[in-house]
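A structural walkthrough
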Amino acid sequence: MRECLRSKMIEVCTKKISQKGDNVGVSFYAFFANKNDNPQLLMEAATWWIETHQLDHFEKAHKIITMVKQGL
């Protein structure tokens, strides 16, 4: 996964936790704007989320941060 995507995932998850609390869930769509302005990066995130790790649509933000930091 590209470093820019890793950074974005950590940034968004951290922000969601600070706004909504420790139990907040996110989907991979949370890392992108409402318009599809970077389809390759979106597919990279979707592949990591769905194919590689078989995550549910919503996962706890803390779990995603941990996975990204561990390089999974």
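Look a little higher up for the structure.
The text that follows walks through the structure, step by step, so that each part is easy to find. As the structure is a prediction and not an experimental result, all values here were calculated from the model. (Residues numbered from 1 in each chain as written. Predicted model: local features only at pLDDT ≥ 70, side-chain atom pairs only at ≥ 80, totals over all residues. Heavy atoms only, no water.)

Scanning the protein from N- to C-terminus turns up 3 helices and 2 strands. Going from the N terminus to the C terminus, the protein shows its helices and strands as α-β-α-β-α. Rg of the C-alpha trace for the protein: 11 Å, near the compact-globule value of 11 Å for 72 residues, within the 12% margin. Expressed as a percentage of contacts within the protein between residues at least 6 apart in sequence, the contacts between residues at least 24 apart total 55%. Within the structure as shown, the protein displays about 4,700 Å² of accessible surface, and the carbon and sulfur contribution to it stands at 50%. Once the 10 positive and 8 negative side-chain charges of the protein are each reduced to a mean point, those two points are 5 Å apart. (Helix = DSSP H or I, 4+ residues; strand = E, 2+ residues; numbered from the N terminus. Rg over C-alpha atoms; globule rule 2.2 N^0.38 Å. Contact = heavy atoms within 4.5 Å. Areas by Shrake-Rupley, 256 points an atom, 1.4 Å probe, with all protein chains shown as cover. Lys, Arg positive; Asp, Glu negative; His and termini not counted. Charge placed at Lys NZ, Arg CZ, Asp CG, Glu CD.)

To continue, consider the packing of aromatic side chains. Each aromatic ring pair is summarised here by two numbers: the centre-to-centre distance and the angle between the ring planes. For the structure shown, the criterion picks out 4 aromatic pairs. On the basis of an interplanar angle of 55° and a centroid distance of 6.1 Å, the ring pair of F28 and W49 is categorised as tilted. Here F28, found in the loop between strand 1 (25-26) and helix 2 (39-52), pairs with W49, found in helix 2; they are 21 residues apart in sequence, far enough to count as distant. Comparing F28 with W49 shows no difference in burial state: the two are buried. Connected via pairs of aromatic rings, a cluster forms that spans F28, Y29, F31, W48 and W49. (Phe/Tyr/Trp six-rings, centres within 6.5 Å; stacked < 30°, edge-to-face > 60°. Buried < 20%, exposed > 50% of the residue type's maximum accessible area, 1.4 Å probe, protein only.)

Turning to its location among the elements, A46 is positioned in helix 2. The spatial distance from the C-alpha of A46 to the C-alpha of F28 is 6.6 Å, given a sequence separation of 18 residues. Those residues in contact with A46, other than ones at most four positions away along the chain, are F28 and E51.

Ranked by size, the top nonpolar core spans 22 residues in total, and within it F31, W48, W49 and I64 carry the most contacts. When residues of this core are traced back to their parent elements, those giving at least two are helix 1 (3-20), helix 2 and helix 3 (61-69). Considering every element that reaches this core, the biggest residue donor is helix 2, with 6 residues. Contact partners of F31, with chain neighbours within four places excluded, come to K8, M9, V12, C13, V26, W49 and I64. (Core = buried A, V, L, I, M, F, W, Y, C linked by side-chain atoms within 4.5 Å.)

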